[in-house]
Each structure stands twice: as C-alpha cells, then as structure tokens.
Amino acid sequence: MRKPSRSALFLGLIPFVGMCFSVPLWDRVRPMLFGLPFNLFWLICWIVLTTACLWAAYRVESAIDEQRGSTP
Amino acid sequence: MTPAAVSLTIIAAIVAAGVTVGFLAGARRKMDLEEWTVGGRGFGVLLVFLLMAGEVYTTFSFLGASGWAYSHGGPTLYVLAYLTLAYVVSFFVLPQLWELGRRHGMQTVADFFGLRYGNRYLAGFACLVGIVCLVPYVQLQITGVGIILSVASFGGIGRAPAMAICVVLLVAFVFASGVRAVAWISVVKDGLMILAALCIGIAIPYIHFGGVGPMFAALARARPEHLTMPGATIDQGHAWYVSTVLLTSVGFYMWPHAFGSTFTAKSADTLRRNAVVMPLYTLTLAFIFFAGFASVLLVPGLKDGDLAMLTVVRNTFPAWFLGVIGGAGALTAMVPASIFILTAATLFAKNLIRPVFAPGMSDDQVAKLARVMVIVLGLIALCLGIFSSSTLVSLLLTGYAGVAQFFPGVVLGIYWRRVTLTGVFGGMIAGVSTAAFLMLSHRDPLFGLSAGFLALCLNFAVAGGLSLLTAEPASVAEPDVAAPGGVVGAGGVIPPRASDMPRI
C-alpha cells in the first residue's frame, strides 16, 4: 500500500497543532464562550474541526486512489 | 426499602440483564478456541463496530475522567485531545497495517512483530509487554466497580468485597460466552452510558447552579486556577500536556485488543472512514467533564477524586436513579474488562507459550490454558486493585507508557524499508525498561514531561540508530516485498493464501 500523500499528512498535522502544540495560547479561562471556559470550548471546537480535517484528507486520498486505478 | 437496597437492587438487575444478553448470545454455539476468541470470524460490520465502541468507553472515561477533573482540574483536558488525535494517527497507520495483515494473515500484535521482523522472540516479548500492560487496565475497571458498589450501598459494601464480586462475575462471564457475548452486551452498555452521561452532565449543573454556564462562572470565580493547567497539581503543566497527549494518542491503537480489532475490518477504506467519524464520539465525554467540574464546588474535600461524580449523583438524585447510573457504570467496567482479559489470556496461551515454549500444543490445550489464564489474570488484577491506591487515570497512564513502546516498531515497520530487527528489538527493550523504571520508581512526570513519552523518544532513537548501524534486513514481511512460500512467525508457518500472493 502506498504512503499517504503530503497534503493528507498536512491535513492530519493541523489537529495536532490545534489541540496539542498550541496549548500555551489557549489554556485560559476567559473569555468564556457559551458558558464554557475558553480551553474547554477550544477543545470541543477542535473535536469537530478534526473530523473536518480528516474528511478532507479522506477525499484527497480517495481521489489519488481513483486516479491510479483501483489497485493500491 | 432503604435507599441503599433500592440502588443496589437496580444495579444488580441491570448487570443481570446485560449478562443474560451475553449468555443468550453465547448459547447454542460450540465453543472452540476460534469461536471463543474471535467469534468464529463471523462478525458483521455492526458487531465489529460495537466491539470497538465497547472498548473505547470504559470506566476510565466514566469515573476516571470526572475524578481527575475534580482532583486535578485543567490537566484532565488531555483526555479530550488524546482521544481525538488518536483517530488522526489511526488514519495514517491502520490502513497500511491492515494491508500488511491481510497479506500475511496477522491476527494480533504479536503476529505483526513475528511476521514483519521474522523473529518469534520479538513476538514473544511484545506479547509479554501487552499482557503486563493490560493488567492495570483490568485493575482500573475492577476498581471502578468497587467504587460504584461502595458508593451505591452508602458504604455498606466495602470496596474489596465489591471488587471480589466483580472478578467472580467477570470470570464466569468470560468463561461462559466468549467474545460474541461481549459484543452484544455492548449494545445495552453503550445506550445506558450515553444516556447517563447526558443526564448527569446537563442535570447536575442545572439543578445546583441553573445551567452549565452559571456553574462554570461560579467555578471561575471561586477557583479559576483549577480550570487551567497545571490545575491542582504542581507538575502537570503545558509540557506535560503536550508529551502526554503525544504518548497516549500514538499508544491508543497499540493496545493489544485495539490492534487486533484492526484486522477484523472489511477493508482499509473502512478504517479510514472510521477514523473520520470516530472523533465525534469524544464529544459525549465533554458532558462527563461538566459533572466532574461541578463536583468541585458541590462536594469539596473528598480524599479520593474518583468518588466525586457518584457522590454528587447520590446527593442529587433519588436512589433508583443512582442505581441506573451505577448499573450503567458497572457494565461499562465489565464489558471492556472482559475484552482485555480475553485478549491477554489468548495472547499468553496462543502467542507466547505455544510458539516459544511448547510448539506441540493442540488447539484444545491452548484453549484450556487460556481459560486458566483468565482466572489467574483476574486474581492478579484483584490483588493489585485491593492493595494499590492509584487513581484510575494514573493506572491508565501506566499502561500507556508500556503499550506506546510498540509504536516505533509498527510505524517504522510500515513506512521505513531500512528498519532492522536489531533496531526494533533494541528500541523496544530500551523503551519498555525505561518506562518501567521511571513509572515504578515514581519518577513520572520527569522534568515536567511524561515519563512514557521520554521512553518513547529513546525507543525511536535506538530503533533508528541501531537500524542504520546494522545490515540491510533480509525482510520477511516488508510492506512491498512479500516473502513467497509461507513465512515463519509467531503463529508458526502461515502459508500464503492464493489471493494474497505478492503482486510484484
């Protein structure tokens, strides 16, 4: 099976930056949004955004697979 | 009836209902080794999904996450991040792993190491590490049931007897019905769990504070430092968060039970799609966090944070509702625990003892040995549960520090042709021994970083360095060059199926 494409890997890196490496930037209580502390709100948003990123990566990978024919 | 009697009766009824579903699912089937451990490989997509979901939602998320939100505060947020990012990792690793597994007939993590690197001692070592790491995970579940029963009985049942009851039930359950029962019981359990999480997460803040927003506002006024890292701890700041999230997100699918379930998927594409959708499953955990943070203000001063959420439930709701929550929680502990114990016992008999020590064993003997191991592992976990006072989350982190050490061998084995047996074996030994030393000597976290993460870095460095120093591998099951004519590995010689012959 071929390796994942660069663009898919890049899309996979985004959630890691958003939820993990950038923690000093968003780990605070205020501003509170929708009644939630900012860090909790941020993470909940990123759960949804992660699915969006992976969906995009899925589309990229499927497109490449189709281009190369059905053999992996 | 006293409140304790009401809640215990309902818990017993829910557990009994769940177990009955399990027994019915297991009845009328001849129980040979194959049926018992992998359901005769006849699982449809739905059952496989249920099995995987049953493994994800454990007592850890139910009591452990809320308990840490109560006792540690901010650092608990790592749970939301790691569960989500684990699926990102899986998107890039599992499809390739599945492809390799399909070509070479792999079923377990030990098969992977045995077949990819062509060495049964590496496979045996991986087995041993997997089994040892599963024990604290089982212990965590048993401890969870102990907590539930002692809170629900208003202290009437001690934690140790409660854990003993749980182990007896667990062993009986695993014996009688095997893995098919586990998948079906997950239906009952997951429904109850999600319902319980929503009820608790919304109702508790609403009843006591008038809503989730006012609850957090009150907490932000009273204890603002509790909501950010390092929260109530001194050494779990941002560096700890990043290192722990990395360690646990790569470790998630390295658990032997999760690793094995990869191979049950219908296609590589299924695994990718699964990875896209599964992060949303993590959203329900946010509700558990609401309850955990609410209990900071409602029941301050508890010595054991893991008790916090149930204590609040007990103080807020009538006894029957405590029973429903307790029953859901007990099933949430027992379903995964039986999967873990089944995986560990099978690994021990089939992938460790038979290939390394007793090649002549028949399938029947292996099945018998696996059953004995179910009892032994149950008792070990019980003893550990009675004599240790670790919190649920730290138990899980101990296991993660161990299983994550598989990751370098897996990811390099999939993507790097230059990797050698010496490199991976050396790296794994270095990683596992470092992790074990640091965890057992209570040096976690070290320099503000998760000890398991440091071990993982060392593992990668040793694996990479030694691979470059040793000769190009005469690969047994390299990703693109499959060995013709059958390969020798953990499970003995596995002849290639005609459809799996290399296409090069």
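Residues numbered from 1 in each chain as written. Chains lettered and ligands numbered in written order. Predicted model: local features only at pLDDT ≥ 70, side-chain atom pairs only at ≥ 80, totals over all residues. Heavy atoms only, no water.

Undergrad: I'd love a proper account of the overall build of chain A, names of residues and values included.
TA: On a plain count of helices and strands, chain A comes out with 3 helices and 0 strands. From first element to last, N terminus to C terminus, chain A shows the α and β order α-α-α. In terms of overall dimensions, chain A is more spread out than a globule: its C-alpha atoms have a radius of gyration of 16 Å, far above the 11 Å expected for 72 residues. By its C-alpha atoms, chain A is 50 × 20 × 15 Å across when sized along the principal axes. Expressed as a percentage of its 72 residues, the buried residues of chain A come to 49%. Of the contacts made within chain A by residues no fewer than 6 positions apart, 62% connect residues no fewer than 24 positions apart. Accessible surface, chain A as shown: approximately 3900 Å² in total, 69% of it carbon and sulfur. The averaged location of the 4 negative side-chain charges in chain A is 7 Å from the averaged location of its 7 positive side-chain charges. (Helix = DSSP H or I, 4+ residues; strand = E, 2+ residues; numbered from the N terminus. Rg over C-alpha atoms; globule rule 2.2 N^0.38 Å. Buried < 20%, exposed > 50% of the residue type's maximum accessible area, 1.4 Å probe, protein only. Contact = heavy atoms within 4.5 Å. Areas by Shrake-Rupley, 256 points an atom, 1.4 Å probe, with all protein chains shown as cover. Lys, Arg positive; Asp, Glu negative; His and termini not counted. Charge placed at Lys NZ, Arg CZ, Asp CG, Glu CD.)

Undergrad: Tell me about the overall build of chain B, and name the residues and values.
TA: Helix and strand counts for chain B come out as 20 helices and 2 strands. Relative to its full complement of 504 residues, chain B shows a buried share of 62%. Long-range contacts, defined as pairs at least 24 residues apart, comprise 84% of the intrachain contacts of chain B with a sequence gap of at least 6. Per element, the accessible surface of chain B, about 17500 Å² overall, is 70% carbon and sulfur.

Undergrad: For the confidence of the model for chain A, give the residues involved together with the corresponding values.
TA: Summary statistics for chain A give a mean pLDDT of 87 and a share of 94% for residues scoring 70 or more. The secondary structure element of chain A with the lowest average pLDDT is helix α2 (residues 23–26) of chain A, at 87, and the one with the highest is helix α3 (residues 38–67) of chain A, at 91. (pLDDT = per-residue confidence, 0-100.)

Undergrad: How would you explain the packing of helix α5 (residues 78–104) of chain B against helix α18 (residues 407–415) of chain B if you had to name every residue and give the values?
TA: Residues and elements named next belong to chain B. α18 packs onto α5 with a crossing angle of 65 degrees between their chain directions and a minimal axis gap of 10 Å. Two packed elements cross with a definite hand, and for α5 against α18 that hand is left-handed. Across the interface between the two elements, Val89, Phe92, Val93, Gln96 and Leu97 of α5 pack against Phe407, Val410, Val411, Ile414 and Tyr415 of α18. Along the lines of polarity and charge, the residues of the contact of α5 with α18 split into 9 nonpolar, 1 polar and no charged. (Axes fitted to C-alpha atoms, helices over the stretch in contact; angles between N-to-C directions. Left-handed = near helix turned anticlockwise from the far one by under 90°. Nonpolar A, V, L, I, M, F, W, Y, C, P; charged D, E, K, R; others polar.)

Undergrad: Can you explain the interface of chain B and chain A? Please cite residues and give values.
TA: In this complex, chain B contributes 45 residues to the contact, which on the side of chain A involves 38 residues. When chain B packs against chain A, the two sides together hide about 3600 Å² of surface, and 78% of this comes from carbon and sulfur. Close ionic contact of glutamate 61 of chain A with arginine 272 of chain B constitutes a salt bridge, the shortest N to O distance being 3.6 Å. Connecting chain B to chain A are 8 residue pairs in polar contact (both at pLDDT 80 or more). Contributing elements (two or more residues each) for the side of chain B that touches chain A: α5, α9 (212–222), α10 (238–251), α12 (268–277) and α13 (283–298) of chain B. Here the side of chain B that touches chain A takes 13 residues from α5 of chain B, the largest share from any one element. Grouping the amino acids of the side of chain B that touches chain A by side-chain chemistry returns 31 nonpolar, 7 polar and 7 charged. (Buried area = accessible area lost by both parts, 1.4 Å probe. Salt bridge = Lys/Arg side-chain N within 4 Å of Asp/Glu carboxyl O. Polar contact = N/O pair within 3.5 Å; in protein donor to acceptor, adjacent residues only side chain to side chain.)

Undergrad: Just give me the short version of the layout of surface pockets, but keep the residues and values in it.
TA: Residues and elements named next belong to chain B. The calculated volume of the second largest pocket comes to roughly 880 Å³. As for the second largest pocket, its lining consists of 31 residues, of which Ser394, Thr398, Gly399, Met439 and Leu440 are closest to the centre. Elements with a contribution of two residues or more to the lining of the second largest pocket: α7 (120–152), α17 (392–403) and α19 (421–440). Ranked by the residues each element gives to the lining of the second largest pocket, the list is headed by α17, at 7 residues. Looking at side-chain class alone, the lining of the second largest pocket contains 17 nonpolar, 11 polar and 3 charged residues. (1 Å grid on protein atoms, 1.4 Å probe; cavity = no way out; pocket = protein on both sides within 12 Å on 5 of 7 lines; lining within 4 Å. Points joined across faces, edges and corners; volume = space filled by probe spheres on them.)

Undergrad: Outline the environment of phenylalanine 447 of chain B, supporting the account with residue identities and numerical values.
TA: With respect to the secondary-structure elements, phenylalanine 447 of chain B resides in the loop between α19 and α20 (451–469). C-alpha separation for the pair phenylalanine 447 of chain B and aspartate 235 of chain B, spaced 212 residues apart in sequence, amounts to 8.6 Å.

Undergrad: Give me the lowdown on empty space enclosed by the protein, citing residues and values where you can.
TA: Residues and elements named next belong to chain B. Inspection of the entire model under this criterion finds 4 cavities of 30 Å³ or more. If you trace the second largest cavity, you find it lined by Trp240, Thr244, Leu247, Leu397, Ala401, Met439, Asp444, Ser450, Ala451 and Gly452. Ranked by residue count, the leading element in the lining of the second largest cavity is α10, at 3 residues. Of the residues belonging to the lining of the second largest cavity, the class tally is 6 nonpolar, 3 polar and 1 charged.

Undergrad: Lay out a nonpolar patch on the surface in plain terms, naming residues and giving numbers.
TA: There is a patch of nonpolar side chains on the surface, built from Val372, Val376, Ile380 and Leu384 of chain B and spanning about 290 Å² of accessible area. Inspection of the secondary structure assignment puts leucine 384 of chain B in helix α16 (residues 363–387). (Patch = residues over 30% accessible without salt bridge, like charges linked within 9 Å, V, L, I, M, F, W, Y side chains within 5 Å.)

Undergrad: Provide a residue-level description of the environment of leucine 97 of chain B, including the pertinent values.
TA: All names here are of chain B. Inspection of the secondary structure assignment puts leucine 97 in helix α5. The class for leucine 97 is buried, based on a relative accessible area of 1%. The contacts of leucine 97, once residues within four sequence positions are left out, are Phe112, Phe259, Thr262, Phe263, Val410 and Ile414.

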